[in-house]
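Spelled out, the chains give:
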Amino acid sequence: MSRVVCVHGIGQQHSGEQEQHSHWYPALADGMRRVGARPLEPADVHCVFYGDLFRPPGRTLAVQDPPLDDSDVGEGFETDLLLALWAEAARTDEGVTPPDARSLARTPRAVQRALDALSQSRFFSSIALRALVLDLRQVRAYLCGSAVRDAVQQRVASTVTPRTEMVVGHSLGSVVAYEALCAHPEWPVRALLTLGSPLGIRNLVFDRLRAGAGGKPGDWPGAVESWTNIADEGDVVALVKDLRPLFGDAVRCHLVHNGSRAHDATRYLNTVEAGRAIAHGCPAG
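Residues numbered from 1 in each chain as written. Predicted model: local features only at pLDDT ≥ 70, side-chain atom pairs only at ≥ 80, totals over all residues. Heavy atoms only, no water.

Some details on the overall build of the protein
- What the protein contains, in helices and strands, is 9 helices and 6 strands.
- Counting the 285 residues in the protein, one finds 50% classified as buried.
- For the protein, contacts bridging at least 24 residues in sequence account for 76% of all contacts bridging at least 6. (Helix = DSSP H or I, 4+ residues; strand = E, 2+ residues; numbered from the N terminus. Buried < 20%, exposed > 50% of the residue type's maximum accessible area, 1.4 Å probe, protein only. Contact = heavy atoms within 4.5 Å.)

Below you can see the structure in the form of structure tokens.
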């Protein structure tokens, strides 16, 4: 019967509910302490887990499994998202060679150049090529299909209770959280916190959002009364930092500095901005 439901992002297929909680809860509590609020109890915070839906089943090893490379980046959505991330990385990191008009065409060479450029960025330098390609596939699997999307949404719906006051979504989890709240205006949730969110990326993310029966992308999420969005200037995934032009002026948007781990969920959660949003969404009492 948690007061706060947290929804993780991509790349968590080897984690689990308890591991997520062990990382998210201390950071969330620290953020609340930064603003002088009494931290929630551990049992008040529940981490929805859906990463296992992206984890391939076990199998017998082949003689030799070829590594993933640029040819494994799917045409259409995956390529378009990769090129958008390259352009944003170049904008925020002088060490990344910027794409030109020719580079942004959907060609195998453009994909290879994008992967090469991102491997030199501060944001992606610690991410292996295989992991980056698999992350692109996870985003596509959620936004471009129904089976995975429905399964993820069911995980969230089974967690929200009459006691739930707030939902926190990080990265792709912010998309999951937004869609869940739009689909369930009857829920008691009154506050939404999105961290490192890709919700504002037109065509690839925003225009693919499910906003509930009869709704459209950009609609206010359900019965939520307070929505706070936090982004790091160097967070490439949060390509659009200010969500107000798309979702309305009521969204409180903040920029923070997470250092070298710009997209890290715990770096977001322990900020003053996140602590204040959570303390407001779940007042002591």
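A look at the packing of helix α1 (residues 17-34) against helix α9 (residues 272-281)
- Remark: α1 packs on α9, axes separated minimally by 7 Å, with the N-to-C direction vectors making an angle of 90°. In this view, α1 runs roughly perpendicular relative to α9, as classed from their interaxial angle. On α9, the residues touching L28, G31, M32 and R34 of α1 are V272, G275, I278 and A279.
- When the residues that make up the contact of α1 with α9 are grouped by side-chain class, the tally is 5 nonpolar, 2 polar and 1 charged. (Axes fitted to C-alpha atoms, helices over the stretch in contact; angles between N-to-C directions. Parallel < 35°, antiparallel > 145°, perpendicular 65-115°, else oblique. Nonpolar A, V, L, I, M, F, W, Y, C, P; charged D, E, K, R; others polar.)

Observations concerning the sheet that holds strand β4 (residues 191-195)
- Taken together, 6 strands build an open sheet; the order of strands is β2-β1-β3-β4-β5-β6 and the sheet is parallel. Pairing within the sheet leaves two strands with one partner each, and these edge strands are β2 (45-48) and β6 (252-256). Here the strands of the sheet are splayed against their neighbours by 20° on average, with no regard to which way each runs.
- As paired strands, strand β1 (residues 4-7) and strand β3 (residues 166-170) are joined by 4 bridges and run parallel to one another. Residue pairing across strands places V4 opposite M166, the latter belonging to β3. (Pairing = 2+ DSSP bridges.)

A closer look at unusual backbone geometry
- For S171, which is not a glycine, the phi torsion comes out positive at approximately 60°.
- By the secondary structure assignment, S171 is in the loop between β3 and α6 (172-183).
- The backbone phi angle of N203 is positive, close to 70°, even though this residue is not glycine.
- Within the fold, N203 resides in the loop between β4 and β5 (226-232).

Regarding the environment of H280
- For H280, the location among the structural elements is in helix α9.
- Overall, the relative accessible area of 54% leaves H280 in the exposed class.
- Counting along the chain gives 243 residues from H280 to A37, while the straight-line C-alpha distance between them is 9.4 Å.

Describing the layout of surface pockets
- Estimated volume of the second largest pocket: approximately 310 Å³.
- Here the residues of the lining of the second largest pocket are counted per class, giving 4 nonpolar, 3 polar and 3 charged. (1 Å grid on protein atoms, 1.4 Å probe; cavity = no way out; pocket = protein on both sides within 12 Å on 5 of 7 lines; lining within 4 Å. Points joined across faces, edges and corners; volume = space filled by probe spheres on them.)

Focus on the nonpolar core
- Formed by 60 residues in total, the largest nonpolar core has its most connected members in L82, W227 and F247.
- Put simply, the parts of the chain that give this core at least two residues each are β1, α2 (77-92), α3 (108-118), α4 (129-143), α5 (147-157) and α6.
- Here this core takes 9 residues from α2, the largest share from any one element.
- In contact with F247, other than residues within four places in its own chain, are Y178, L199, F206, L209, G218, D219, W220 and W227. (Core = buried A, V, L, I, M, F, W, Y, C linked by side-chain atoms within 4.5 Å.)

Side note on α1
- Compared with an ideal rise of 1.5 Å per residue, which puts 18 residues at 26 Å, α1 spans 26 Å between its outermost C-alpha atoms and is within 8% of the ideal.
- Within the span of α1, buried status applies to Q20, H21, W24, Y25, A27, L28, A29, G31 and M32.
- In the core, the buried residues of α1 are packed alongside β1, β2, β3, α8 (265-269) and α9.
- Positive backbone phi, at 75°, marks G36, one or two positions downstream of α1. (Expected span 1.5 Å × (residues − 1).)

Overview of the side chain of D232
- Within the secondary structure, D232 is located in strand β5.
- It turns out D232 is buried and unbridged, and the closest side chain with the opposite charge, K241, is 6.4 Å from it.
- Ignoring any residue separated from it by four or fewer positions in sequence, one finds D232 in contact with K241, L255, V256, H257, N258, G259, A262 and Y268. (Lys, Arg positive; Asp, Glu negative; His and termini not counted. Salt bridge = Lys/Arg side-chain N within 4 Å of Asp/Glu carboxyl O.)

Points about the packing of aromatic side chains
- Applying the stated criterion to the full structure yields 6 aromatic pairs.
- Pairing W227 with F247 gives two aromatic rings, centres 5.1 Å apart and planes at 65°, and the pair type is edge-to-face. Of this pair, W227 sits in strand β5 while F247 sits in helix α7 (residues 244-247); the two residues are 20 residues apart in sequence, bridging distant segments of the chain.
- On the accessibility criterion, F247 (4% relative accessible area) is buried.
- Connected via pairs of aromatic rings, a cluster forms that spans Y178, F206, W220, W227 and F247. (Phe/Tyr/Trp six-rings, centres within 6.5 Å; stacked < 30°, edge-to-face > 60°.)

Note that all results are geometric; they support no functional claim without further evidence.
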